[in-house]
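Structural features, examined
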Amino acid sequence: MVTKKTIDPTTLFGLQHVISVEQYILVVFGATLGTAIGSFVAAAGIRTTNEKSVISTPSSCDHCGEKLAIRDLVPVISFLASRGQCRYCGARLTWLYAGTEISFAVVGGLVASLADWDVVTIATCLAIILLGICAVSDFRAMLLPLPVMVSIGILGLASQILDQGLDGAVSSLVASVTAIATIGIPGLLYWLIRRTQGFGEGDYWLMGAIGAWMHGIEPIILFYMATVLCLVAAIVEALRQQKSLQYLEPKPIGAFISIVSIIYLTAKLCNLALTKM
Ligand SMILES: [Zn+2]
């Protein structure tokens, strides 16, 4: 007789704490707050690409310019209710808002229920928000805002110093250099073979910035995971549009690096054992 191997669902992926009532309340609270933050991140990311002020400009439709009412701005729900179209002109709305809101709801729910709160946790949350802005802005216009990336790097260095003092500073700088070399080597090969830039300047800054959060060879794994994700996205797009891969628009690799970095930092905050090297 074959006995079925049972997996205890309460300990899967180290999520054994997510069962008490308090934890459920925290998940709901975190997800709700995450959705609102995601909404801000999407707006900020899109506005960095068209130089509108993040704070002062009222929200309006990108196509017809109609000022949006409160009912158009409810995260995710407004998007679903209008079936992804502008209520005024019928133009297709970007999926970037709903996508970012849902992603940040997941991050918020996980972090609120699993993270231990201290200064480094707050700095990590800030970095996740800034990486979200990079992802949106790179998806939207292949642009990575430099001040945002520099802030991510400084937060990473400061967090590692707070965590481990001088050792943390060394680890942060070494991983940052490793990260730049990781993208620099394929970039150089590409240039030698094709005589064109394989990556944008922003991609190097982004790798250096996220490297400051990492240890050892983690940047190498991060970069190749982002590359694979980018390639999968390109193949899906090629199949859907029935085009050969080489005729596709260049892909925003920075956006994929940002997404994998968000997953990495979230896992770290939640003490998930996925990132232990
Ligand atoms: Zn419109």
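Our subject in this report is the structure included herewith. (Residues numbered from 1 in each chain as written. Predicted model: local features only at pLDDT ≥ 70, side-chain atom pairs only at ≥ 80, totals over all residues.)

One can describe the packing of helix α6 (residues 201-211) onto helix α8 (residues 253-269) by two numbers: an axis separation of 9 Å at closest approach and a directional angle of 10°. Taken together, the axes of α6 and α8 lie roughly parallel to each other. Contacts from G202, D203, L206, M207 and I210 in α6 reach I253, G254, I257, S258 and S261 in α8. Its residues placed into classes, the contact of α6 with α8 shows five nonpolar, four polar and one charged. (Axes fitted to C-alpha atoms, helices over the stretch in contact; angles between N-to-C directions. Helix = DSSP H or I, 4+ residues; strand = E, 2+ residues; numbered from the N terminus. Parallel < 35°, antiparallel > 145°, perpendicular 65-115°, else oblique. Contact = placed C-beta atoms within 7 Å. Nonpolar A, V, L, I, M, F, W, Y, C, P; charged D, E, K, R; others polar.)

Given a rise of 1.5 Å per residue, 17 residues ought to cover 24 Å, and the 24 Å separating the end C-alpha atoms of α8 matches this to within 8%. Among the 17 residues in α8, 15 count as buried, and that is most of the element. Positive backbone phi, at 55°, marks N271, one or two positions downstream of α8. (Expected span 1.5 Å × (residues − 1). Buried ≥ 20, exposed ≤ 12 C-beta atoms within 10 Å, placed from the backbone.)

Now for unusual backbone geometry. A positive phi is found at R83, a non-glycine position, where the angle reads about 50°. Locating R83 in the fold gives a position in the loop between α2 (77-81) and α3 (96-114). A positive phi angle, close to 50°, is found at Q242, a residue other than glycine. Counting through the fold element by element, Q242 comes out in the loop between α7 (218-241) and α8.

Before going further, it helps to spend a moment on the environment of G168. Inspection of the secondary structure puts G168 in helix α5 (residues 146-194). When the C-alpha positions of G168 and A158 are compared, they lie 8.7 Å apart, and in sequence the two are ten residues distant. If we ignore the near neighbours within four places in the chain, the residues touching G168 are Q160, I161 and D163.

This next bit is on the nonpolar core. Formed by 60 residues in total, the largest nonpolar core has its most connected members in C134, I152, L206, I210 and I257. Contributions of two or more residues to this core are made by α1 (21-50), α3, α4 (119-141), α5, α6, α7 and α8. Both of domain 1 (10-114) and domain 2 (118-277) provide at least three residues apiece to this core. (Core = buried A, V, L, I, M, F, W, Y, C linked by C-beta atoms within 7 Å. Domains from an automatic or database assignment.)

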